[in-house]
Amino acid sequence: MEPRKKKETLVQNITYMAIMAAINVVFVLITVFVPFLFFLIVFVLPLTSTIVTLYCKKRYFPIYALATIGLCMICTMWQIGDTIFYVIPSIISGFLFGFMVEKKVPSFWILISTTLVQIGFSYATIPLLNLISGKDVVVSFATAFGLGEFKYLNYVVPCFIFFISLAQQVIAYMVIKEELPKFGYTLNEPKELPFSLAIGIGTASTLAFVFSFISKCGPISYLMSLISLLFVCHSIIYLILEKKTLVYILIVVSLVVSVFTFAFLYSLVKEPLGLVLVNIFFFMIAIIVLINNYLLKASKKDTIK
């Protein structure tokens, strides 16, 4: 199939963006009348914004963004919080997704970057939502899920936002991966384990420990732990697929050592920060990634000789 061409003229761009904006508004209206379908906004909006970024000229993207936000606000004037909390962050993360695809950024880093942007903007909109609604939206959400009286609610919120943001980007990634060839693009998916994953694990886990020692920053330590977990899961998949016996042994040994260390230190850590100790295992995986990369380079040199 011949790749689709980008829209070139102003009329072509405006027409296509108007169609995509209308699709967004339709989904927003559906969720207004059928609230439990709010996940449609969560998953559709980043996807449509990414397609617009790839298919239209970027200088026209602000028109699409403003039109979508404005129409959604008009259609949901009695429930404007949905537009602020879902629509605006999704449009921005969708644009970033498409931009990074064009720049051939590795797919995993696209997921990480867009997820973090989504989290950041979601957090930034909470004070505005509180001001508009006159109540604490976090407490309102928690009450809806039966967690209104939960002692450690402030630890649950960043985790919830993280999983929602990640799910958005994963869904967008899965759909876009199949559609990109139609636009003449392919995702950059490295075949070898990137060294940068070890850096990502080390940075996120270090921040998790640092924030756990800072008063009122405990929830952020959990968020950093989840981000590190994402790096770890991706790294382990790579490590398993490379089928190296030494690496398998190191993973098992690291798991056993970290479990015993976790059990020994857990009672010494202030509640509810005990789970941050899982970063001990994450650090070990980072070390294994470094060892694996060294072995890979060594084996290549031997092969050449």
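One can find the structure itself at the top, above this paragraph.
Cut-offs and rules
Residues numbered from 1 in each chain as written. Predicted model: local features only at pLDDT ≥ 70, side-chain atom pairs only at ≥ 80, totals over all residues. Heavy atoms only, no water. Helix = DSSP H or I, 4+ residues; strand = E, 2+ residues; numbered from the N terminus. Buried < 20%, exposed > 50% of the residue type's maximum accessible area, 1.4 Å probe, protein only. Contact = heavy atoms within 4.5 Å. Areas by Shrake-Rupley, 256 points an atom, 1.4 Å probe, with all protein chains shown as cover. 1 Å grid on protein atoms, 1.4 Å probe; cavity = no way out; pocket = protein on both sides within 12 Å on 5 of 7 lines; lining within 4 Å. Points joined across faces, edges and corners; volume = space filled by probe spheres on them. Nonpolar A, V, L, I, M, F, W, Y, C, P; charged D, E, K, R; others polar. Axes fitted to C-alpha atoms, helices over the stretch in contact; angles between N-to-C directions. Parallel < 35°, antiparallel > 145°, perpendicular 65-115°, else oblique. Left-handed = near helix turned anticlockwise from the far one by under 90°.

Visitor: Lay out the overall build of the protein with the relevant residues and their values.
Guide: Regarding its fold elements, the protein presents 11 helices and 0 strands. N-terminal to C-terminal, the α/β element order of the protein is α-α-α-α-α-α-α-α-α-α-α. For the protein, with 305 residues in total, the buried portion stands at 44%. Residue pairs in contact within the protein that sit at least 24 positions apart in sequence constitute 75% of those at least 6 positions apart. Carbon and sulfur atoms provide 75% of the accessible area of the protein, an area that totals close to 16200 Å².

Visitor: Outline empty space enclosed by the protein, supporting the account with residue identities and numerical values.
Guide: Per the stated rule, a full pass over the model turns up 2 cavities of 30 Å³ or more. Phe85, Tyr86, Ser122, Phe160 and Ile164 are the residues nearest the centre of the largest cavity, which is lined by 10 residues in total. Considered class by class, the residues forming the lining of the largest cavity number 6 nonpolar, 4 polar and no charged.

Visitor: I'd love a proper account of the packing of helix α8 (residues 196-212) against helix α9 (residues 218-241), names of residues and values included.
Guide: Where α8 contacts α9, the two axes come as close as 8 Å, and the packing angle between them is 160°. The pairing of α8 with α9 is recorded here as roughly antiparallel in orientation. Note on packing geometry: the crossing formed by α8 with α9 is left-handed. Contacts from Leu197, Gly200, Ile201, Ala204, Ser205, Leu207, Ala208, Phe211 and Ser212 in α8 reach Gly218, Ile220, Ser221, Met224, Ser225, Ile227, Ser228, Phe231, Val232, His234, Ser235 and Tyr238 in α9. Partitioned by chemical class, the residues of the contact of α8 with α9 number 12 nonpolar, 9 polar and no charged.

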